[in-house]
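Chain by chain, the residues:
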Amino acid sequence: MGAQQTMKRFVRLLLLVQAAAVLLSGPGAAELSMDYYAMSCPYAEYIVRNVVGQALMKDPTLAGSILRLHFHDCFVQGCDASVLLDSTDDNTAEKDAPANKSLRGFEVIDSIKEALEAQCPGIVSCADVLALAARDAVFMARGPYYGVPLGRRDGSRSVASDTFLALPPPVKNVTLLIQIFDNVGLDVHDMVTLSGGHTLGIAHCANFKDRIKDEVDTLDASLASSLGSVCRGGDSKTAPFDRTSTRFDGVYYRELTARRGLLSSDQTLFESPETKEMVSMFAMYPDYFFYAFQQGMLKMGQISLKEGDEGEVRTSCRVVNS
């Protein structure tokens, strides 16, 4: 039996046990529940899926944006919807920090929350809305489907300065990226896996213009020329992370092996000995990437949870309850 057949059989086996792995997928899993809203808001997941579906039909690029919202939420103060809170006169919130200025999709979350409040007021947390919306966005972009344990509570702290050391920057430094993920309980494999979320979405020139100038040896010449043309329009201009940026697939990793990574933090995963083999595996076996991504998202979605009496269920995701 060839190596490729062996890997395919292995991936199929992993997918068969995925449901059982949900309950063992990370800290906090025992406190969350797959049927948390079964009695209190039985149509919660349907409502989330319906609103996300309508949004993506109008603008497929929002799939990456919604996934990024969940990511940026969980890495700062844990998965507590702190990224959704608006700034006030005496506080600059996370969403207005430099690393979050380009976040999109807030209006989709608002629409989901409004629909949920009309159906079952005060029941479904904004943190759970984000986790469900990210899952549905990935699935509707032809990515893997995974169960989302529910029962998170919403936090009340959202401070821009909390993002400064918490969010992975677009730099060529695997050691730093590994440390940032380790700070929230995610390992090297999780880091390479979750970076695959960049199979969806775009980045601004401000985040890759230095790569064009300084990383000639690890940047495909044709891509460098194309990105240079983009950046002549200014820092706010954008380019897709890969050639299929509205479809969740393994192209992101194949691009890295061809030295077509958009950000320094993308390409360095293939250039660094600690992570190169994992990138090659995901590029060769996208089914394995899908499985790993399911597990990585389950683990990430349980970072520093607020549960029970800790936190609240916001009526509006943009403001704390009065």
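Residues numbered from 1 in each chain as written. Predicted model: local features only at pLDDT ≥ 70, side-chain atom pairs only at ≥ 80, totals over all residues. Heavy atoms only, no water.

A. Structural detail: helix α10 (residues 221-231). Among all positions in α10, only Leu223, Ala224, Leu227, Gly228 and Cys231 are buried. For α10, the buried positions fall inside an angular range of 135 degrees around the axis, keeping them on one side. Here the buried face of α10 lies against α9 (209-214) and β2 (238-240). (Buried < 20%, exposed > 50% of the residue type's maximum accessible area, 1.4 Å probe, protein only. Helix = DSSP H or I, 4+ residues; strand = E, 2+ residues; numbered from the N terminus. Arc of directions from axis to C-beta. Contact = heavy atoms within 4.5 Å.)

B. Structural view of the packing of aromatic side chains. Taken as a whole and judged by the stated rule, the model has 15 aromatic pairs. Members of the aromatic cluster, connected to one another through ring pairs, are Phe248, Tyr252, Tyr253, Phe282, Tyr288, Phe289, Phe290 and Phe293. For Lys95, the ring lying beneath its charged end belongs to Phe106, and the centroid distance is 4.3 Å. (Phe/Tyr/Trp six-rings, centres within 6.5 Å; stacked < 30°, edge-to-face > 60°. Lys NZ or Arg CZ within 6 Å of the ring centre and 35° of its normal.)

C. Quick look at the side chain of Arg211. Within the secondary structure layout, Arg211 lies in helix α9. Since its relative accessible area comes to 1%, Arg211 is described here as buried. Engagement of the side chain of Arg211 in a polar contact is seen with the side chain of Glu215, the distance being 3.0 Å. Only 3.0 Å separates the side chain of Arg211 from the backbone oxygen of Thr218, close enough to count as a polar contact. Excluding anything up to four places from it in sequence, Arg211 contacts Thr218, Leu219, Arg259, Gly261, Leu262, Leu263, Ser264 and Gln267. (Polar contact = N/O pair within 3.5 Å; in protein donor to acceptor, adjacent residues only side chain to side chain.)

D. Seen up close, the nonpolar core. In terms of nonpolar packing, the biggest core is built from 79 residues, with Phe75, Leu84, Ile109, Ile112, Leu116, Tyr253 and Met300 touching the most fellow members. The greatest single-element share of this core, amounting to 10 residues, is contributed by helix α6 (residues 126-140). Look past the residues within four positions of Ile109 in its chain and what remains in contact with it is Leu69, Leu84, Val129, Leu130, Ala133 and Cys317. Counting 13 residues, the second-largest nonpolar core is a separate cluster that includes Ala203, Leu223, Ala224 and Leu263. (Core = buried A, V, L, I, M, F, W, Y, C linked by side-chain atoms within 4.5 Å.)

E. Quick look at unusual backbone geometry. Its identity is not glycine, yet Ala81 carries a phi of approximately 65 degrees, on the positive side. By the element assignment, Ala81 lies in the loop between α4 (62-74) and α5 (106-119). Residues other than glycine seldom take positive phi values, yet Arg259 does so here, at roughly 60 degrees. Tracing the backbone shows Arg259 in the loop between α11 (251-257) and α12 (264-271).

F. Examining the confidence of the model for the protein more closely. Averaged over all residues, the pLDDT of the protein equals 92, while 91% of them reach at least 70. Contacts from residues 6-30, a stretch scored under 50 in pLDDT, to residues over four places away or in other chains number 33 contacts. (pLDDT = per-residue confidence, 0-100.)

G. Seen up close, the environment of Glu31. Note that Glu31 resides in the loop between α2 (18-21) and α3 (44-58). Classification of Glu31 as exposed rests on a relative accessible area of 51%. Distance in space between the C-alpha atoms of Glu31 and Gly151 is 7.8 Å, their sequence separation being 120 residues.

H. The arrangement of the packing of α4 against α6 in detail. The N-to-C vectors of α4 and α6 enclose an angle of 145 degrees; their axes lie 8 Å apart at closest approach. In this structure, α4 meets α6 at a crossing whose hand is left-handed. Here α4 contributes Ala63, Ile66, Leu67, Leu69, His70 and Asp73 to the contact with α6, which in turn contributes Leu130, Ala131, Ala133, Ala134, Ala137 and Val138. Of the residues belonging to the contact of α4 with α6, the class tally is 10 nonpolar, one polar and one charged. (Axes fitted to C-alpha atoms, helices over the stretch in contact; angles between N-to-C directions. Left-handed = near helix turned anticlockwise from the far one by under 90°. Nonpolar A, V, L, I, M, F, W, Y, C, P; charged D, E, K, R; others polar.)

I. How the structure looks around the UniProt feature "binding site: heme b" (unreviewed entry) in the protein. In the numbering used here, UniProt assigns the "binding site: heme b" (unreviewed entry) feature to His198. Considering the arrangement of structural elements, one finds His198 in the loop between α8 (188-195) and β1 (202-204). Once residues within four sequence positions are removed from consideration, His198 is found in contact with Phe241, Asp242, Tyr252, Leu263 and Asp266. (UniProt positions renumbered as here; feature names shortened; annotations may be inferred.)

J. Examining the state of the cysteines more closely. All told, the structure shown has four disulfides when counted by the stated rule. Within the protein, bonded cysteines paired by disulfides and numbered along the sequence follow the pattern 1-4, 2-3, 5-8, 6-7. (Disulfide = S-S within 2.5 Å.)

K. Broad picture of α12. Burial analysis of α12 places seven of its eight residues in the buried class, the great majority of the element. Among all positions of α12, only Ser264, Ser265, Asp266, Gln267, Thr268, Leu269 and Phe270 are buried. Its buried side turned inward, α12 meets α7 (174-183), α8, α9, α11 and α13 (276-284).

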